[in-house]
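Each chain is listed here by its residues.
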Amino acid sequence: MQSDDLKDLILEAAKIIARAKLVLSFTGAGISAESGIPTFRDSGGLWEKYRVEDVATPEAFMRNPKFVWEFYLERKKKIKEANPNPAHYALADLERILRESGKSFYIITQNIDNLHREAGNKNIIELHGNIWYTKCSNSFCEKSRPFYDPRTSPEEYEDFPPRCSSCGSLLRPHVVWFGEPLPEDAINESFRLASLADVVIVVGTSGAVFPAAYVPYITREHGGKVIEVNIRTSSLTSISDVFLMGRAGEILPRIVEEVKRALK
Ligand code: APR
Ligand code: ZN
């Protein structure tokens, strides 16, 4: 990919975004890679070290809640040390400049690391939950509503794995495991926005996990454009109108700079 090709693609992407009324960004673990948070399916990714069936399914949790809790507390420790990177800040910038131009911008993220919020975005839909929230595993319990939980080590809990103070059931991270339904309001709102969006900027996702990965397909089916930023092709590249190969931390700020220029 010649740099002038990339330059042309950045201009083309910025033109599509500047013309749009409703812009979405659909993000995956790749947008947080430059913050030092491992992705899942890249080499050295989480699913190379752990088996999904041991740490990210309801069955795994029932079988060995202590091991699952240790997995998530390790991830919380790593995420706590991480900061938003230029890709996150570019999307926070984009939300601000689009809002100032009377347009709408939403992030629909698969990530549970909270970095979009820390970067300053307001309109965020978290499809797979948020690692900083915990809830009672008994859905009939009043504590099944997720509550903020900054603890990152077993010693910080009265008992481990932690139990609910009101019903005694196990507490669990507020994240969506394989085989579980996504939060209904989150997926319904995401699909509604995807059907109305003029463009969805897909950043750092393999597009391997559904129903989340339907989002760009829905936008395309309703006549919206798909822009993809990734260091390599993904299963979404074939439906992208503009594919920008490179690091999100390098490409997104350049796209946002061109959008600012176009909106002047
Ligand atoms: N810039 C842009 N893209 C990147 C970067 C980067 N710096 N680094 C990695 N990527 C890309 C990879 O090429 C890959 O396509 O990010 C993507 C990461 O893919 P996955 O590891 O599969 O992560 P993700 O798509 O978010 O996984 C979806 O799967 O395991 C579940 O719940 C988990 O939400 C997750 C879901
Ligand atoms: Zn309870």
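Here the structure is a predicted model, which means the values were calculated and not measured. (Residues numbered from 1 in each chain as written. Chains lettered and ligands numbered in written order. Predicted model: local features only at pLDDT ≥ 70, side-chain atom pairs only at ≥ 80, totals over all residues. Heavy atoms only, no water.)

**A short note on the overall build of the chain**
- A count of helical and extended segments in the chain gives 10 helices and nine strands.
- For the chain, the C-alpha radius of gyration of 19 Å lies close to 18 Å, the compact-globule estimate for 264 residues.
- Along the first, second and third principal axes, the C-alpha set of the chain runs to 55 × 35 × 30 Å.
- Taking the intrachain contacts of the chain between residues at least 6 apart in sequence as the baseline, contacts between residues at least 24 apart amount to 68%.
- Of the roughly 12500 Å² that the chain leaves accessible, carbon and sulfur atoms contribute 50%.
- Of the charged side chains in the chain, 34 are positive and 36 negative, and the gap between their average positions amounts to 3 Å. (Helix = DSSP H or I, 4+ residues; strand = E, 2+ residues; numbered from the N terminus. Rg over C-alpha atoms; globule rule 2.2 N^0.38 Å. Contact = heavy atoms within 4.5 Å. Areas by Shrake-Rupley, 256 points an atom, 1.4 Å probe, with all protein chains shown as cover. Lys, Arg positive; Asp, Glu negative; His and termini not counted. Charge placed at Lys NZ, Arg CZ, Asp CG, Glu CD.)

**Focus: the site of ligand 1**
- Residues in close proximity to ligand 1 total 23 residues, the closest being Arg 41, Thr 205, Ser 206, Asn 230 and Arg 232.
- Between ligand 1 and Ala 248 there is a distance of 3.0 Å, counted from a nitrogen atom to a backbone nitrogen or oxygen.
- When isolated, ligand 1 has an accessible area of 740 Å², and the protein chains bury 94% of it. (Near = heavy atom within 4 Å. Polar contact = N/O pair within 3.5 Å; in protein donor to acceptor, adjacent residues only side chain to side chain.)

**Some remarks on the environment of Leu 22**
- Counting through the fold element by element, Leu 22 comes out in strand β1 (residues 22-27).
- Classification of Leu 22 by relative accessible area gives buried; the value is 12%.
- Taking the C-alpha atoms as reference points, Leu 22 and Arg 99, separated by 77 residues in sequence, lie 10 Å from one another. (Buried < 20%, exposed > 50% of the residue type's maximum accessible area, 1.4 Å probe, protein only.)

**Section: the domain arrangement of the chain**
- Taken domain by domain, the chain comprises domain 1 (1-37 + 84-128 + 182-264) and domain 2 (38-81 + 131-175).
- Spacing between the C-alpha centres of domain 1 and domain 2 amounts to 28 Å.
- With 13 residues of domain 1 at the interface, the matching set in domain 2 holds 13 residues.
- Summing the contributions of domain 1 and of domain 2, the shared interface buries around 1000 Å²; its carbon and sulfur component is 63%.
- Of all residues in domain 1, Ala 29, Ile 37 and Ile 112 give up the largest surface area on contact with domain 2, accounting jointly for 49% of the area buried on that side.
- At the junction of domain 1 and domain 2, the tally comes to one salt bridge.
- A salt bridge links Asp 42 to Arg 232, with the shortest nitrogen-to-oxygen separation between them at 2.6 Å.
- Our enumeration of links across domain 1 and domain 2 arrives at two residue pairs in polar contact (both at pLDDT 80 or more).
- For the side of domain 1 that touches domain 2, the residue count by class is six nonpolar, five polar and two charged. (Domains from an automatic or database assignment. Buried area = accessible area lost by both parts, 1.4 Å probe. Salt bridge = Lys/Arg side-chain N within 4 Å of Asp/Glu carboxyl O. Nonpolar A, V, L, I, M, F, W, Y, C, P; charged D, E, K, R; others polar.)

**With respect to the packing of aromatic side chains**
- Summed over all chains, the structure comprises 14 aromatic pairs.
- Through successive ring pairs, a cluster of aromatic residues spans Phe 40, Trp 47, Tyr 50, Phe 61, Phe 67, Phe 71, Tyr 72, Trp 177 and Phe 178.
- The lysine or arginine in question, Lys 143, covers the ring of Phe 147, its NZ or CZ lying 6.0 Å from the ring centre.
- For the cation-ring pair, Arg 172 lies above Trp 177, with the distance from its terminal atom to the ring centre recorded as 3.9 Å. (Phe/Tyr/Trp six-rings, centres within 6.5 Å; stacked < 30°, edge-to-face > 60°. Lys NZ or Arg CZ within 6 Å of the ring centre and 35° of its normal.)

**Thoughts on the nonpolar core**
- In this structure, Ile 17, Leu 94, Ile 227, Leu 244, Leu 252 and Ile 255 are the most contacted members of the largest nonpolar core, which totals 31 residues.
- Put simply, the parts of the chain that give this core at least two residues each are α1 (3-19), α6 (86-100), β2 (104-109), β7 (199-203), β8 (225-230), β9 (242-245) and α10 (248-263).
- For this core, the leading source of residues is α1, giving seven residues.
- Beyond its immediate sequence surroundings of up to four residues, Leu 252 is in contact with Ile 31, Ala 87, Ala 90, Leu 91, Ile 201, Val 203 and Val 229.
- Listed in part, the 27 residues of the second largest apolar core include Ile 37, Ile 79, Cys 136 and Cys 164. (Core = buried A, V, L, I, M, F, W, Y, C linked by side-chain atoms within 4.5 Å.)

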